[in-house]
Each structure stands twice: as structure tokens, then as C-alpha cells.
Amino acid sequence: MNHEPMTFIATNDLAGQTRGRAVPASRAASAHRRGVGWVPANLAISSFGSIVVPNVFGSTGDLRLVPDASTRTHLPASQDHAAVDLYLADQCLLDGTPWSSCPRAFARSALADFTAETGLEVVASFEHEFMLEDLDSSAPFSWQRFRDADPFGSELVALLELNGFGPETWLPEYGEQQFEITVEPTPALLAADRAVLLRELVRDIARRHGHRATFAPLTDPDGSGNGVHIHLSLRDPSTGEAGLYDAGEPGGLSALGRRFAAGVLAHARAITAVTAPSPVSFLRLAPHRWSAGGVFLAERNREALLRICPTMPGADIASQYNLEFRACDATANPWLALGTLIRAGLHGITHEYDDPKIWPEDAGEDLAGIEELPRDLPEALAALREDATVSTWFDQDLLETFIAVKQSEIDLTAGLDPAALCRRIADVH
Ligand code: GLU
Ligand code: MG
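This text gives an overview of the structure that appears in the document. Note that residues are indexed from 1 along each chain, following the sequence as it is written. The lettering of chains begins at A and the numbering of ligands begins at 1, in the order of writing. The predicted nature of this model means local features are confined to residues of pLDDT at least 70 and side-chain atom pairs, given and counted, to a pLDDT of 80 or more, with totals for whole chains, interfaces and linings taken over all residues. Hydrogen atoms and water are omitted, and side-chain values are computed over all heavy atoms in the structure.

1. A word on the pattern of salt bridges
Stage number 1. We count a salt bridge whenever a side-chain nitrogen from Lys or Arg sits within 4 Å of a carboxyl oxygen from Asp or Glu. Enumeration according to the criterion identifies 23 salt bridges in this entry.
Stage number 2. Notably, a salt bridge pairs Arg-207 with Asp-204, separated by 3.9 Å at the nearest N-O pair. In this pair, Arg-207 and Asp-204 are both assigned in helix H5 (residues 188-208), 3 residues apart and thus about one turn of the helix distant.
Stage number 3. Where Arg-423 meets Asp-427, a salt bridge forms, and the shortest distance between an N and an O atom there is 3.4 Å. One end of the pair is Arg-423 and the other is Asp-427, both in helix H13 (residues 418-428) and 4 residues apart, which spans about a single turn.
Stage number 4. One salt-bridge network, in which partners are shared between bridges, spans Asp-68, Asp-90, Arg-104, Arg-108 and Asp-193. Secondary structure elements are taken from DSSP: a helix is a run of H or I of four residues or more, a strand is a run of E of two residues or more, and numbering for both begins at the N terminus.

2. Describing the packing of aromatic side chains
Stage number 1. A pair of Phe, Tyr and Trp rings is counted when the ring centres sit within 6.5 Å of each other, with Trp represented by its six-membered ring. The angle between the planes then sorts it: under 30 degrees is stacked, over 60 is edge-to-face, the rest tilted. A complete count under the given rule lists 13 aromatic pairs for this structure.
Stage number 2. Each ring, one from Phe-130 and one from Trp-170, has its centre 6.0 Å from the other, and the planes form 20 degrees; the classification is stacked. One end of the pair, Phe-130, is in strand E7 (residues 121-132); the other, Trp-170, is in strand E8 (residues 167-172), with 40 residues separating them in the sequence.
Stage number 3. Take Phe-130: its relative accessible area is 0%, and that puts it in the buried class.
Stage number 4. With a relative accessible area of 14%, Trp-170 lands in the buried category.
Stage number 5. Ring geometry for Tyr-245 against Tyr-321: centres 5.0 Å apart, planes inclined by 45 degrees, an arrangement best described as tilted. Remark: Tyr-321 occurs in the loop between helix H9 (317-320) and strand E15 (323-328) and Tyr-245 occurs in the loop between strand E12 (228-235) and helix H6 (255-266); sequence separation between them is 76 residues.
Stage number 6. The class of Tyr-245 is partly exposed, set by a relative accessible area of 24%.
Stage number 7. In this scheme, a residue with accessible area under 20% of its type's maximum is buried, one over 50% is exposed, and one in between is partly exposed, where area comes from a 1.4 Å probe on protein chains only. Judged by its relative accessible area of 4%, Tyr-321 falls in the buried class.
Stage number 8. One aromatic cluster is present, formed by Phe-130, Phe-152, Trp-170, Phe-179 and Phe-215 through successive ring pairs.
Stage number 9. Each ring is checked for a lysine NZ or an arginine CZ that lies within 6 Å of its centre and within 35 degrees of its normal; such an atom marks a charge sitting over the ring. For Arg-194, the ring lying beneath its charged end belongs to Phe-165, and the centroid distance is 5.0 Å.

3. Section: H5
Stage number 1. With 21 residues, H5 extends 30 Å between its outermost C-alpha atoms, agreeing within 8% with the 30 Å of an ideal straight helix rising 1.5 Å per residue.
Stage number 2. By the criterion of burial, H5 is predominantly enclosed, with 18 of the 21 residues buried.
Stage number 3. Downstream of H5 by one or two residues, Gly-210 has phi in the positive range, about 75 degrees. The span expected for a helix works out to 1.5 Å for each residue beyond the first.

4. Some thoughts on the pairing of E12
Stage number 1. With 7 of 8 residues buried, E12 is to be regarded as a mostly interior element.
Stage number 2. Being paired, for any two strands, means DSSP has found at least two bridges between them. Summarising the sheet, E7 and E12 pair through 8 bridges and their orientation is antiparallel. Within the sheet, the bridge partner assigned to His-128 lies in E12 and is Val-228.
Stage number 3. Sheet topology note: the E12/E15 ladder contains 4 bridges and is antiparallel. Counterpart to Leu-232 in the pairing with E15 is Leu-323.

Geometry only, nothing functional implied.
Below you can see the structure in the form of C-alpha cells.
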């Protein structure tokens, strides 16, 4: 009997789904060197499980999923599950070079270009909300809900600790059956990797405790949304200096930070096609939901698209200072979401944009005249297609396939009322 863990090598696709292949321990070393087989058209699988036809890849071609050792996530054996080492992979051509449509390569190249241009490293953390759908009703933020989720919750936190994710808070959230888990910031590619992995750990542990976890942006049209808030900061790798912070500037946002924000705001409508890409995502992105109620930058306002997060007095402000992008959810591929935000920020830094207005904390919810986010996914996809800047950041096969996958998800859910639509998306996310 072999007690070495199985090795599962995975990618995350345009539907935000994690898919891959396992090899036994005896094959792990060769899988690390050469990867495992994969198929280009797998990128055209929708959230509902079928390959979108036609797609640019068709039935031909071969790829390798080449695992990145830094992503190793160990799931110990349990009573009825073998131990597994889960790895995330780069999608490569047979000669080992990166595949131009690989979402992880998209993030990696955006980050590399950002650092080459600015000299700064991007640090990030993805904050996730989700629901355990089978729990009894309990009060927002309550001790009862925290306890009702155990031992799921403590096992999740322990597994994140074991794998070095640095869990920071595990909390019963506002909505019915809703929770939030936050992990410490890291270099941004690793943060996106951990977003992929964390979702699968949550789902996996939930299943093994008889719960059903969903990250659907909304499970009920009148209920709370499940967001993924992406926290971003910039750091000079040689001095450790914070690139977004300047104590002398409004809101503490440096001149460079203002330009970064300007790029994100200017392209926000196209960006949300990538960060909020399900037919239900834009029901969440509405005013007065504390998700993102419009295209604006604000200090400590949970309706903002970009929020300047609070810092703790007494502690080093520069090291805590970060911008939070709130218009993301877990139907998005974390690498595409991150890469798109970084490209937008870089575009802001390298082009002439007006300084964005920083809405003060005391502006409350009366934010007259702010630009609206797309009303639905078709409007966001049109914005992506029409944005002559954002659409060029993607390999054309990747962009075309992304739009085809999303269009098929729109077509397959056409005619559903909001409640049924929420249900349909919660079934697959
Ligand atoms: N649930 C909200 C969302 O949809 C976020 C609430 C919060 O600020 O934690 O994004
Ligand atoms: Mg929250």
C-alpha cells in the first residue's frame, strides 16, 4: 500500500473552475519536470460543463500543465480520503514555452511589465465571502453562526495555517449563512494562486462535513452578495517603501497611486466583464449593497469601486496602506482579474489621465453624478469589446474564447427570473 500523497495538477479556467489531472506518487517527479497532458479547447468549457462550440481551438492541439512547486498545497489524509498534494500549473506548449492563452501567464506578464516599468512589486490579498447553504438561520456576525460552522471553520483555518496562507480572520458575515475568510497579503501572483486554492479548500472541507459551500455572487436576489475584494499595494523591493502611500497627499494616496487608480476607474466598465463575469454578478453590483455601487474612489466607503482602506493608528501606516477593488466575485478567474487590474493601473501610470476625485468618508451615500457600472454581463462584455485599450491586453484567442464562454452562459440562463438565475449560478459556483 502506497501512502505517498497523490499529486493533483490543476488550472483555473475562464469559467472560474479548477480542473486538472492526478498522477500517482511514482509519477510525481516526471510530472514536475514535464507536466501532464492538457487540451487547448478545455479553456472553452463553460460553468455549465460543456465545451462552447464553435471555439477557436477545436479538436486539435496539445498542451502540458506544468506544476509550479511554489503552489503546493497539502491536504492530509482523512478517514475516507487519501492525502493529496494540489499544485497549480502553467499551461505550456509541448516545448515548455508558455501558452499565449494561459490565464496564469496573463497575470505573470502583467506583473512583470508593471515591475519593469515602475520598479515596484505588487502585493495583494483576495478577501472571500461565501455561504454554507445548509446552516440554520442565525443573526449577522453572531457567535451562534460561528459555532454552527464548526468543525468546518476550524478545519479550514488549520488547513490554511498548515499551508502557509496566513489566515487573518474567519468571520460570520452579515448575510444569512454567510462567512468571510481573509488571508495575509503576499506577492500578487501568489495571492491569486491562493485565491484559486482557497475556494477549492473551502468547497472540499465543506463537502466532507456535509455542508454545501457556494461563492455565487448572490444566492437570493434580495439577500447579501458574496464579494471577492482584491487588496492591492505597491512596494519598492530594494527599500521596502510603500508605493501607494504618501502622508502629505489627500487620503494618503501617493501621486503614483492616484494615477494607478485613474487607470482602473477609466476602464472600470470593461474590467468588470473580467472581474464579475457571471450572469448574476451585476445583480450584486448595485448601489446600497456595500459591493460597488458605481465607478468611484473613496476613503473608507464600502460603496466605492476602489476603497482606500482604513489603517490602524499607532502601527506603521505605510505598511498597512492599501487600495481595495470591490467589484470582483468568485465567478472570476483570479489570474485574469489580477492581471487586468494591474494592466489598468499601469496604463494609468504611463498615460495622461486626470487625477480622480477622492470621495471623502463623510460623503455618505449621496454620490450624485458618479458613473454607473454596467447593468448586466452583456453590457460589460460590450464594454470590454469596445474598449480599444483593455481588449488589446489579451491574446486574441484568449479574448475570443472568454467572450464565447460568457455568451454561452448568458444564452443558457436566458429567460430565468432573478431567483432562478441566482440558484442556477449557485449550483455551479
Ligand atoms: N457582501 C459585500 C459584497 O458583496 C461586502 C460587505 C463587506 O464590506 O464586507 O461585496
Ligand atoms: Mg465582508
